[in-house]
Amino acid sequence: MKKLLLIGIDTRSMLNSALKLDYDIYSASYFSTSDTPIIKNQKIILNESDGESCGSFEDQFSSQNILEISKDFLDEADYIIPISGVSPSEFPSKYKRKILGSKDIGNIEDKFKFFKEIKDEVLTPMTFRLTDIDEAFEINKNYNDVQFILKPLQGSGGYGINLLDNASDIQFSEGEFILQEYVRGINLSSSVLADGSDSKCIINTRLLTEHDFEKNNSFRYIGNILPLTEESIMANVNDMEKITDDMNTTSEMLARKFKLLGSNGVDYILSEKGLHVIEINPRIQGTFECVEKSLGINMLEAHIKACQGEIMEIPKPQFYSYKKIIYSPARMKYEKIDLDNIYDLPHIGSITEKEEPLLTIIDKDKDFKKLFEKVELSSKIVNDIARKGQQDGK
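Here is a short report on the structure shown in this document. (Residues numbered from 1 in each chain as written. Predicted model: local features only at pLDDT ≥ 70, side-chain atom pairs only at ≥ 80, totals over all residues. Heavy atoms only, no water.)

### Structural notes on unusual backbone geometry
Cis rather than trans, the peptide bond between Leu-226 and Pro-227 has omega equal to -5°. Mapping Pro-227 onto the fold places it in the loop between strand S11 (221–226) and helix H10 (240–257). With a phi angle near 55°, Asp-344 is a residue other than glycine that sits in the positive phi range. Within the secondary structure, Asp-344 is located in the loop between strand S16 (342–343) and strand S17 (351–352). Among the residues examined, Asp-344 registers a relative accessible area of 15% and is labelled buried. Here the phi dihedral of Glu-355 falls at roughly 75°; this positive angle occurs in a residue that is not glycine. Taking the relative accessible area as the measure of exposure, Glu-355 reaches 37% and is therefore partly exposed. (Helix = DSSP H or I, 4+ residues; strand = E, 2+ residues; numbered from the N terminus. Buried < 20%, exposed > 50% of the residue type's maximum accessible area, 1.4 Å probe, protein only.)

Shown next, in the form of structure tokens:
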């Protein structure tokens, strides 16, 4: 039996799908949620325990740490599937041949190189590559009618993105970064299967950030609703059919252009000017479970087959599916929550810090309104419990 290694921040959802396939499964992850399947060959960095804090993900997470603890797994595995948090470019060259997925992704992960490659073919935000924050303010002076944002040159999940304002004390990490026109609009995403030459957009989604709920300046990823329809887009738009057709065409074109493999995502912002391409996520996306619930397929199987040259026949969506990540509103000690649509659960007694990921709500329904109400009710319940259970008055 072939050995398959799943490696990334959180392998729970992929493990559930992998265990239905004919592989000997290995897993290496940062998070260890209480609902993660326990398997023989498994390594986890964050060991949660009663009364102990899980700390800050941004401060503690390192993809190199995952690769380090996985050395023996990397040698043993026949196939490797990197998930969010570990890039194929970080693997030693002797292991790259084992990777099932897009490998040559330097011009995708480097956001400036990506925009240079596509700016003449699709609508994109104005983008500059910089090394000095003062340069950003100088450019800003020349565009009085443009709001800019600062982004890491590489990164995902909406972390490290900030609006550029007139504050002279704004801080940004050392090294290169991009200054980009801030496009106000609706965040959307496509899920694409590709075999290196051919590609198929299997579903489009409404991508959600904290800004959609809090109306603040946070761009952190918070979830998805799919499939994309006039209801699930949650905005007044004209010609929904054209929007989805344009997303399908553009996403499939980009997958072919960059010779992508397996399951990949293309993110957009829909503004009054049209669809702006924002980035490609050259890996299995956060929509993984939502796609499985909506389409009734094993998404990991679809990914593997596409990497091996076969794009599966994909059925039409049967359900709406909604994923919402809950970031803890307070420092809280986790106790069992009696809901049937929550996942990525902390271990009982462990402490989640304020603003750190607490758990994920995932549900499905044929009726969009009912689905939205169910997830939002669960969200309220979880947040209320977190506030009541806060520690140290924080």
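That covers the picture; the talk isn't over yet.
### With respect to the side chain of Ser-63
Here Ser-63 lies in helix H3 (residues 63–69). For Ser-63, a relative accessible area of 11% translates into the label buried. Leave out the neighbours within four places in its chain, and Ser-63 touches Gly-85, Val-86 and Glu-90. (Contact = heavy atoms within 4.5 Å.)

### Things to note about the pairing of strand S10 (residues 199–209)
Among the eleven residues that make up S10, ten are buried, leaving the element largely enclosed by the rest of the structure. Counted between consecutive antiparallel strands, the loop separating strand S9 (residues 186–195) from S10 contains three residues, among which Gly-196 sits at a positive phi close to 100°. By the bridge criterion, four bridges tie S10 to S11 in an arrangement that is antiparallel. Residue pairing across strands places Thr-209 opposite Tyr-221, the latter belonging to S11. (Pairing = 2+ DSSP bridges.)

### What to know about the state of the cysteines
On inspection of all chains with the given rule, the structure shows zero disulfides. For the unlinked cysteine Cys-201, the closest cysteine sulfur is that of Cys-290, found at 15 Å. (Disulfide = S-S within 2.5 Å.)

### Quick look at the pattern of salt bridges
Scanning the model with the defined rule gives 24 salt bridges in all. Of the charged contacts, one joins Arg-12 and Asp-344 as a salt bridge, the two residues approaching to 2.6 Å between their closest N and O atoms. Linking Arg-12 in helix H1 (residues 12–18) with Asp-344 in the loop between S16 and S17, this pair joins segments that are 332 residues apart in sequence. In this pair, the class of Arg-12 matches that of Asp-344, namely buried. Note that Glu-210 is salt-bridged to Arg-220, the shortest N-O span being 2.9 Å. In this pair, Glu-210 sits in the loop between S10 and helix H9 (211–214) while Arg-220 sits in the loop between H9 and S11, placing the two residues ten residues apart along the sequence. Like Glu-210, the residue Arg-220 is buried in the burial classification. Residues joined by salt bridges that share partners form a network here, namely Arg-12, Asp-35, Glu-289 and Asp-344. (Salt bridge = Lys/Arg side-chain N within 4 Å of Asp/Glu carboxyl O.)

### Quick word on the side chain of Asn-281
In this fold, Asn-281 is placed in strand S13 (residues 274–281). Looking at Asn-281, the relative accessible area reads 14%, which means it is buried. Each residue touching Asn-281, except ones within four places of it in the same chain, is listed here: Asn-264, Gly-265 and Asp-267.

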